[in-house]
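What the coordinates show
The primary structure of each chain is shown beneath.
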Amino acid sequence: MTVMLIAVFVLIFCLVLAATKVGFQFVDARQKKQMIDRLHVAAGEPVMEVSNLLREVDVDKPDGLMARFKAFRVARHAQQQIQQAGLNWSATHMLMAMGLLCIPGLGLGAVIGFLGNRVITAIVLAVLFGIVPWVYVRKKRKKRLDTLEEQFPEALDFLSRSMRAGHAFTITLQMVGEELADPLGQEFRTLFNEQNLGATLEAALRNFAERVPLLDVRFFTSSVLLQKQTGGNLAEILTRLAYVIRERFRLKGQVRAASAHGRLTATILTVLPIATMLGMLLVAPGYLQGMAADPDGKWLIGASIAAQFIGYYFIRKIITIKV
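By convention here, each chain's residues receive numbers from 1 onward along its written sequence. Given that this is a predicted model, residues contribute local features only at a pLDDT of at least 70 and side-chain atom pairs are listed and counted only at 80 or more, while totals for whole chains, interfaces and linings are drawn from all residues. Here the side-chain values reflect all heavy atoms present in the structure, with hydrogen atoms and water set aside.

Looking at the packing of aromatic side chains
Classification of ring pairs uses Phe, Tyr and Trp, with its six-membered ring standing for Trp, and accepts pairs whose centres are within 6.5 Å; under 30 degrees between planes counts as stacked, over 60 as edge-to-face, and the remaining range as tilted. All told, the structure shown has six aromatic pairs when counted by the stated rule. Look at Phe188 and Phe220: their rings are 6.4 Å apart centre to centre, the planes differ by 65°, and that puts the pair in the edge-to-face class. One end of the pair, Phe188, is in helix α8 (residues 184-196); the other, Phe220, is in helix α10 (residues 215-230), and 32 residues separate them in sequence. Across the pair, exposure class does not vary: Phe188 and Phe220 are buried alike. Each ring, one from Phe208 and one from Phe220, has its centre 6.3 Å from the other, and the planes form 80°; the classification is edge-to-face. With a gap of 12 residues between them, Phe208 in helix α9 (residues 201-211) and Phe220 in helix α10 connect regions that are remote in the sequence. For Phe220, a relative accessible area of 0% gives the class buried. Grouping aromatic residues by their ring pairs yields a cluster made of Phe152, Phe188, Phe208 and Phe220. Each helix corresponds to a stretch of at least 4 residues labelled H or I by DSSP, and each strand to a stretch of at least 2 residues labelled E; elements are numbered beginning at the N terminus. Per-residue accessibility, obtained with a 1.4 Å probe over protein chains only, is compared with the maximum for each type, and a residue is labelled buried under 20%, exposed over 50%, and partly exposed between these values.

With respect to the environment of Gly86
Residue position: Gly86 is located in the loop between α3 (74-85) and α4 (91-112). On the accessibility criterion, Gly86 (44% relative accessible area) is partly exposed. Residues Gly86 and Val137, 51 residues apart in the sequence, show an inter-C-alpha distance of 9.1 Å.

Digging into the pattern of salt bridges
A pairing counts as a salt bridge when a side-chain nitrogen of Lys or Arg comes within 4 Å of a carboxyl oxygen of Asp or Glu. With the rule as written, the count across this model stands at 14 salt bridges. Its salt-bridge partner being Arg164, residue Glu236 comes within 3.1 Å of it at the nearest N-O pair. Of this pair, Glu236 sits in helix α11 (residues 234-258) while Arg164 sits in helix α6 (residues 132-164); the two residues are 72 residues apart in sequence, bridging distant segments of the chain. Judged by relative accessible area, Glu236 falls into the partly exposed class, the value being 29%. In this structure, Arg248 engages Asp216 in a salt bridge whose closest nitrogen and oxygen atoms are separated by 2.6 Å. In this pair, Arg248 sits in helix α11 while Asp216 sits in helix α10, placing the two residues 32 residues apart along the sequence. Summarising the burial analysis for this pair, Arg248 and Asp216 share the class buried. Counted as one network, the salt bridges with shared partners bring together Arg144, Glu187, Glu194 and Arg211.

In structure tokens:
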């Protein structure tokens, strides 16, 4: 058993080192590409072609083994998530933190072994410890995107009023960035700076849509680009778009109030088995330990944990109503 634990530890440690190395290579490649793009912008050359912003199209499609390798894009995806969360991390630092947190999980699982098998316990705890930075980034990202979505109708109204007052669209972007609070003000300042430093409006808007992956932002960028090509009253379009967003917020509030009972039920059904288990461990310490020592009891414990996760997943799918 000791040899098996050492082999598993060495294997996972090697995988962590390999993932860290791959992360470094991806980040270096991304930084080189950003520098080349900036040089192209400074030279007045187009950086990218803008297509339909409501649908992402990957123009660069490698084939063979490189296509399978690039399909993962771990570092690039992680860097996008970190940027959208508003954190000053890098993808390499997050991947290294995830790898380092796997080590105490392995050690704790090798010592305790509460799942009946120390190897399985070590692997499970290593995974749980390792995903902590990723879960934190996802929560920060969701909170920031929710704030951006709440601020966006106000920004559209500001743009509409400024354009009706006779200001140019680019000057209006600068005014929005200065007047609105962060995080949306910061994004509009970045949008204006990119366009002011030589990037085309299409490229700046596309980068804005990538930094703020909201459907409302894609409607906004598509409306601006369409108005630039065909003409029309952009101020009126932005006013109507702000009205639609506010109506959707109102509908979301009604749906959230209607699903409050289901969310409370989901919370109780999820917490109740865990609370019951902890209470039995305190009241009758030897009751569950006997079940964990039995070979069939181990399978029952594992099946109950899996059923708990599956039940929580389906309850969340039922009570989550997309508007």
